[in-house]
Structure formats: structure tokens, C-alpha cells
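# Overview (structure and organization)
Each chain is listed here by its residues.
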Amino acid sequence: MPECPGARPPEERHPAMTTVRRGATALAAAAVLLAGVAGAVAPAAHAAPSPAPSPSAPAVPAGLYGAKDPTYDGVWRQSLAFMAQQATGVEPAEQSVAWLLDQQCDNGGFPSFRADTAGDCPAGKPLDTNATAVALQALKGVDSHEDRTRQARADATAWLKLVQNHDGGWGYNPGSPSDANSTALVVSALAAVGEKPGSVRAAGGKSPYDALLTFALPCSAKPGGGAFAYQPEKDGTLRANDDATAAAVLAGLGKHALVRGVTPDQEPTCVDAAKPTAERAARNGAAHLAAAVAKTGHLDLPPMPGASATAARPDVGNTADAALSLAAAGHRDAAARAMTWLEGNSAAWAKEGGPAAYAQLILAAHTAGADPRAFGGADLVAQLNATGPKPASTPDTRDQGGDEQDGTEQAKKEEESGFPVWLLVSVFLVAGIGVGFLLSGRGGKRKP
């Protein structure tokens, strides 16, 4: 789910998944450039850190999770936080739910963030399919504002169907070319709210699964056999992207970020079928991810163009997204290997990434059967809760009638600055264009 905008850029990522679908913020940040390319004003899954507030950045609103500038990932990180809380029996504060509801435009779509919610979204405000998809899923599981959330879900579902591309997929912004991450995020969100994604067809009859298949590499491809690309390159070539693959595996199986893992364990296989199906392509993608994590327990982030370091480095957000998708596909051994690595190596990344990053890890743990309250010696649920208003209830307060301290201010003081948004955008797009849970991120991500 991908870090979303937790997060990473769409092409690098999320929603997060989710995601992703990696860092929610990086996903959102990349959308800025994507929106700009389409002539819009300035973001998954996935997971890069959230951008630091600038002097002109809006103040962080009451009710919002995280302390950093929400311009590019506010809706993403809030939605991922709700989804992770739902997975662990936590009910968010009514104030937080109201904040997310207020972000929605009258037409049903969500922007990445809007500071002024007194009226409808202004004309020309860029809307965000990734944010809308994760918000749709997040609002399904909250208890407060029942009438408003029901209407918000109906409106968001209708808007997503309205902006479906002719090829059956979705781009980050309405009208932009379809990409694997955005399409997968919408498919998973529709599945989560009881829709049948395969029946959601564009005017020409194409379904989202038709679009996903156009991003799938054959098993014979070298490198990246069985993986998914974020988008085709200019010459039509597909280049494997692990973030896109994690998101597409989940969607191709018709699943979403709150799914439980499948038992018994299944052997990953890659098969080029004479008549490809989305499910077969998803299983091929899972086999690609399983082979990738088998080497070290994690996925790698390729070196950034122009960077002095030329070696790949561990990609925490995409590894979390991959663990979730592998568990959802029934590859529990491969997912467990990734989770073991995450337990020992994700703490600093999660602290820097904030709510979307904590949520990404919690969702992966939920699907893979790990305990997010004892994750490498840390309580991820408590850490996530501390980034926002005191929850309306938790399993502890419901069972014991206790009260938990609101750690919002302390958590917000502890968050550290991330890289400038323009740097995240330029670096990730150069690295990922033509390459890509829950809210990372993705995101993503979700763009990131």
C-alpha cells in the first residue's frame, strides 16, 4: 500500500501498495510533477520520508496524522493510518474522521490535500485517484459520522468509475495515462467496498484487469520476468518495477490491503499462459517478488542517477508492500523472510516516514501474520496512534476502561525534516519513469 504519496512516486512506489504504494509522501510528491505535466497545479505506497514544511506551507490542521507539510500527502497518510488502525482494532477520533470527510470535493473525488474546506474544491484543483482510492477504503471501516461516510463512499466510488480511462485503467490524475500503481490501488479499493472490479468497464468495454495485463512482463523477460512495469517506456518497452508489481499482485488477485494471508503455503510459479488472465499475471508477479526477497530478505532501491554511491540499497517501503502481497498470494515463507528483515531494519525509516510508514508496516504485519505490537521490539500501533489525535477507542480502553495518553504533540515534535519535495520528485522521476499498498504507502504512494 503501499508510502504514498510511505509510501514514493507512483512510478517508484502508497497507497500503499499500497500503499503503496510506498511512502505516502513520496508518492504524493511525484504526483506534483505528473500533475504539472498534465497542465495541472501541483503527488505512492507506497517509501521516502515526508517533505518538511516550508515557510509557505499550510499549518498542519487539527485532526490530521503527522506533523509535516500535508500539501502532497495529507489524504494519503490519513487514510493509511485509518486502515492500519482498523487492522488492529483501533477506532480513530471523530475529529480525524471529520477531517478526512471534509477533504472530499462535491463531485466525489479527493485532492491530495486542501487547506480551505469551507466550500467546494475550486475549479482546476487537481484531483487524485490514489488519494480517492485509499480514502474510499479507509472510510469503510470507521464508526463515526455514519451517514456522511456512507455518502462519501458512494460519491468516491462513482467518481472513480467516471474517470476510468478508455483502456480500463486509471492514471494518477484524471485524464493522465493509466499506470499499474494507480490502477491497482483503485481495483483494491473497489474490492474492499464490495464492488466487482472486473465488472467496472470503460465505455469501450475494457476492464481494470485488461489494463493491468498491459503492464505485465512475460516470464521469459530478462531481467524482471513475471514482474509488472509502472508504465511502458516511450518505445513500448516494459521495465520491471517492484512497487508496481506488489500493487498489481494484490489487485490481480482481487484483494486489498486489509486481507489476511492465504494458507497453506503455496509454491511461487511463473507461467506464460496462452490466454493471459489477471490472476495468472498476479501469480507471476508474486513469483518475481518471492525470488527477489529470497536473496537478502529485502528488495533493493537502485542507485539514484548522479549519486556518488553506485550500489543498490535496501528499499524498506517496497519490501513491506512485497511482504503483504506475498502473504496475500499464499507465499507465506517468502513473506515471513521479508517480515523478519523488516523487524530488524525498519525502525529508523518508520520514524522518519511518520504515519504512512508505520501504517505500511502494520498492514504488512497484519496480512503476514506478524504482531505489529511487538515488531522488532517496538509497538507500531502505539507509535502510529501517537502521531495523531487520541483514538476514540483501542482494544485496551474498551477491555479495561483505561485511558491512553495523547502523544500527538510529542510525536509531532519528534518528527524530523525530510528531503525537499522538488528533490524527491526530480530524483524519483528520473530514476523511475517508465519503470513505479497502502500508504509506503501505495503514495505513493500510491507514489511513492
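Overview of the structure.

Cut-off values and rules
In this convention, every chain numbers its residues from 1, walking through the sequence in written order. In keeping with the model being predicted, local features are shown solely for residues with a pLDDT of at least 70 and side-chain atom pairs are shown and tallied solely at 80 or more, while totals for entire chains, interfaces and linings include all residues. The basis for every side-chain value is the complete set of heavy atoms in the structure, and neither hydrogens nor water enter the calculation. As a rule, the C-alpha atoms of each element are fitted with a line to give its axis, helices using only the stretch in contact, and angles between N-to-C directions run from 0 to 180 degrees. Each helix is a run of H or I in the DSSP string that is no shorter than four residues. Each strand is a run of E no shorter than two, and both are numbered from the N terminus. If you view the pair so one helix is near and one far, a crossing is left-handed when the near helix is turned anticlockwise from the far one by less than a right angle, and right-handed when it is turned clockwise. By the convention used here, residues are in contact when the closest approach between their heavy atoms is within 4.5 Å. By definition here, a salt bridge exists when the distance from a side-chain nitrogen of Lys or Arg to a carboxyl oxygen of Asp or Glu is within 4 Å. Note on exposure labels: buried denotes an accessible area under 20% of the residue type's maximum, exposed denotes more than 50%, and partly exposed covers the range between, all computed with a 1.4 Å probe on protein chains only. Disulfides are defined in this document as cysteine sulfur pairs within 2.5 Å. We call a set of buried Ala, Val, Leu, Ile, Met, Phe, Trp, Tyr and Cys residues a nonpolar core when their side-chain atoms join them within 4.5 Å.

### Considering the packing of helix H3 (residues 94-103) against helix H4 (residues 129-140)
Contact geometry for H3 and H4: axes closest at 11 Å, N-to-C directions at 145 degrees. The handedness of the crossing between H3 and H4 comes out as left-handed. Contact with H3, carried on its side by Val97, Leu100 and Leu101, involves Ala135, Ala138 and Leu139 of H4 and no other residues of that element.

### Details of the pattern of salt bridges
Taken as a whole, this structure holds nine salt bridges when the rule is applied. The salt bridge involving Lys68 is made with Glu352; its shortest N-O contact spans 3.0 Å. Of this pair, Lys68 sits in the loop between helix H1 (24-37) and helix H2 (74-87) while Glu352 sits in helix H12 (residues 347-353), and the two are 284 residues apart along the sequence. Neither residue differs from the other here; Lys68 and Glu352 are each classed as buried. In this structure, the salt-bridge partner of Glu233 is Arg239, at a minimum N-O distance of 3.5 Å. A cluster of three or more residues bridged by salt bridges with shared partners is formed by Glu146, Asp147 and Arg150.

### Some remarks on the state of the cysteines
Cysteine pairs can be linked by a disulfide, which is a covalent bond between their two sulfur atoms. Across all of its chains, the model carries two disulfides by this definition. Across the disulfide from Cys219 sits Cys270; the S-S distance is 2.0 Å. Between Cys219 and Cys270 the disulfide shows an S-S torsion of about -95 degrees. By sign, it is left-handed. Taken together, the positions of Cys219 in the loop between helix H7 (208-213) and helix H8 (242-252) and Cys270 in the loop between H8 and helix H9 (278-296) put the pair 51 residues apart, joining distant regions of the chain. Along the protein chain, the cysteines that take part in disulfide bonds pair up as 1-2, 3-4, counted in sequence order.

### Digging into unusual backbone geometry
With an omega dihedral of 0 degrees, the bond running from Lys222 to Pro223 counts as a cis peptide bond. Inspection of the secondary structure assignment puts Pro223 in the loop between H7 and H8. Here the residue pair Thr263 and Pro264 is connected by a cis peptide bond, since its omega of -5 degrees sits within 30 degrees of zero. Inspection of the secondary structure puts Pro264 in the loop between H8 and H9. Positive phi, normally seen in glycine, also occurs at His145, with a value near 55 degrees. Along the chain, His145 falls in the loop between H4 and helix H5 (146-162).

### Concerning the nonpolar core
With 83 residues, the main nonpolar core has Leu100, Phe110, Leu139, Leu326, Met339 and Leu342 as its most contacted residues. With ten residues, helix H13 (residues 355-368) is the single largest residue contributor to this core. For Leu100, the residues in contact, after removing those within four places along its chain, are Val75, Gln78, Ser79, Phe82, Phe110, Ala135, Ala138 and Leu139. Counting residues in hydrophobic clusters, the runner-up holds 13 residues, among them Val187, Ala251, Ala278 and Ala281.

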